[in-house]
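# Chains, contacts and geometry: an overview
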Amino acid sequence: MGWEALGQWGEDAARIEPLAGGVANDVWSVRVDGHLAVGRLGVRSDADLAWETNLLQHLDREGLTVPMPIPTMDGRLFADGLVVMTYVEGGPPETEADWRRVAETLRRLHRLTRGWPQRPGWRSSTDLLNAETGTKINLSAMPPEGVARCRVAWARLTGRQTCVVHGNPSNPGNIRMTADRVALIDWDEAHVDVPDLDLALPHNAAGLDGGAHDIAAQASAAWEAAVCWDDDYAVKRLAEVRAV
């Protein structure tokens, strides 16, 4: 249906302008019921979008600041691949102290989602030690030597407790900070995995010791290489994963 679906949020619902950061999706600022909001149109399944919107509602109930899905006029949280969410004010982290606040927020996310079910169609990094595909990941499209390096990095995570990971928190554009709270936006890459993938932050803000930071940094670089393959960023990230 495309953006015509926005009419299900009301006769006055309208797109305003495209927003940066929409690679897999078409992301716009929108106006719904007189309020500024964000619309994201993509090709994710209903089961996938139900997982994401249910997660956001859970995190909101637990006190985390996240974009909240705005229901259609008949009460649905998404329609025809379109999700409309509240606009979250704030700016990106700029200082080491800012990034430490981000790390604290991520650890709270991880505590609140232990035992959470996997996002439909997704696989965790350790699942990919044996599997070839999972949502946007297709290891058969990567150079075999690169896959081997990624799997060595992910194997170091085996046996650890899993939870929901945001998926791309080191991107400052996915953080909205104010003086009194840290908000995480853009949950399109969120899935269940080992929390280390979220903790390779600028300035080592999560306070990981040398060995733990190396594990997190290598696993995160391998994940981003695989999930983005094969654009320039993915090639750059794969170059950071040590040779076997």
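Here's what I pulled together on the structure shown here. For every chain, the first residue of the written sequence is number 1, and numbering continues from 1 along that sequence. Where local features are concerned, this predicted model is filtered to residues with pLDDT of at least 70; where side-chain atom pairs are given and counted, the filter is 80 or more; whole-chain, interface and lining totals use all residues. The side-chain figures draw on all heavy atoms in the structure; neither hydrogens nor water molecules are used.

Okay, empty space enclosed by the protein next. Cavity and pocket criteria rest on a 1 Å grid covering protein atoms alone: a 1.4 Å probe that fits but cannot get out defines a cavity, protein on both sides within 12 Å along at least 5 of 7 lines defines an open pocket, and an atom within 4 Å of a point defines a lining residue. Grid points are joined across faces, edges and corners, and a volume is the space filled by probe spheres set on the points. Counted by the stated rule, this structure contains one cavity of 30 Å³ or more. Of the pockets and cavities examined, the largest cavity occupies roughly 40 Å³. Element by element, the count of residues in the lining of the largest cavity is highest for helix H4 (residues 210-228), at three residues. All residues other than Ala, Val, Leu, Ile, Met, Phe, Trp, Tyr, Cys, Pro, Asp, Glu, Lys and Arg, Gly among them, are scored as polar; the first ten of these are nonpolar and the last four charged. For the lining of the largest cavity, the per-class residue count stands at three nonpolar, three polar and one charged. Labels follow the DSSP assignment, with helices taken as runs of H or I lasting at least four residues and strands as runs of E lasting at least two, numbered in each case from the N terminus.

On to the packing of helix H3 (residues 144-155) against H4, then. Only the contacting stretch of a helix is used when fitting its axis, a line to C-alpha atoms as for every element, and angles between N-to-C directions run 0 to 180 degrees. Two elements in contact, H3 and H4, have axes whose closest approach is 8 Å; the angle formed by their N-to-C orientations is 135°. One way to sum up the angle between H3 and H4 is to call them oblique. For the element pair H3 and H4, the recorded crossing hand is left-handed. Here H3 contributes Cys150, Ala153 and Trp154 to the contact with H4, which in turn contributes Gln218, Ala219, Ala222, Trp223 and Ala226. Of the residues contributing to the contact of H3 with H4, the split by class is seven nonpolar, one polar and no charged. These descriptions rest on fixed angle ranges, namely under 35 degrees for roughly parallel, over 145 for roughly antiparallel, 65 to 115 for roughly perpendicular, and the rest for oblique. Two helices that cross are described as forming a left-handed crossing if the nearer one is turned anticlockwise from the farther one by less than a right angle, and a right-handed crossing if clockwise. The contact criterion used is simple: two residues touch if any of their non-hydrogen atoms lie within 4.5 Å.

How two aromatic rings sit relative to each other is given by the distance of their centres and the angle of their planes. Centres within 6.5 Å are what make two rings of Phe, Tyr or Trp a pair, Trp counting through its six-membered ring; a difference in plane orientation under 30 degrees is then read as stacked, over 60 as edge-to-face, and the rest as tilted. The full count for this structure, using the stated rule, is two aromatic pairs. Seen in terms of ring centroids, tryptophan 3 and tryptophan 28 are 6.4 Å apart; in terms of plane orientation they differ by 65°. Their pairing is edge-to-face. Residue tryptophan 3 is found in the segment before strand E1 (14-18), and its partner tryptophan 28 is found in strand E2 (residues 26-32); the two are separated by 25 residues along the sequence. Between buried and exposed lies partly exposed: a residue is buried under 20% and exposed over 50% of the maximum accessible area for its type, with that area taken using a 1.4 Å probe on protein chains only. On the basis of relative accessible area, tryptophan 3 is assigned to the buried category, the value being 13%. By relative accessible area, which is 18% here, tryptophan 28 ends up buried.

Nonpolar side chains in soluble globular proteins tend to end up buried together. Counting residues in each nonpolar core, the largest one holds 30 residues, and the members touching the most others are Leu55, Leu59, Val102, Leu106, Leu109, Val164 and Trp187. Of all elements in the fold, only helix H1 (46-61), strand E4 (82-86), helix H2 (96-112), strand E8 (175-177) and strand E9 (182-184) reach the threshold of two or more residues within this core. Contact partners of tryptophan 187, with chain neighbours within four places excluded, come to Glu52, Leu55, Leu56, Leu59, Val66, Pro67, Leu109, Arg119 and His166. Here, nonpolar core means buried Ala, Val, Leu, Ile, Met, Phe, Trp, Tyr and Cys residues that are tied together by side-chain atoms lying within 4.5 Å of each other. Among the nonpolar cores identified, the runner-up in size contains 23 residues, and Cys150, Leu197, Ala221 and Ala226 belong to it.

So, about the pattern of salt bridges. Think of a salt bridge as a Lys or Arg side-chain nitrogen and an Asp or Glu carboxyl oxygen that are within 4 Å of each other. Enumeration according to the criterion identifies 16 salt bridges in this entry. The partner of arginine 119 in a salt bridge is glutamate 52, and the shortest N-O contact between them spans 2.8 Å. Pair noted here: arginine 119 is in the loop between H2 and strand E5 (133-134) and glutamate 52 is in helix H1, with a separation of 67 residues, a long-range link. We note that arginine 119, like glutamate 52, is buried. Between glutamate 145 and arginine 149 there is a salt bridge, and its shortest N-O distance comes to 3.0 Å.

So yeah, pure geometry; function would need other evidence.
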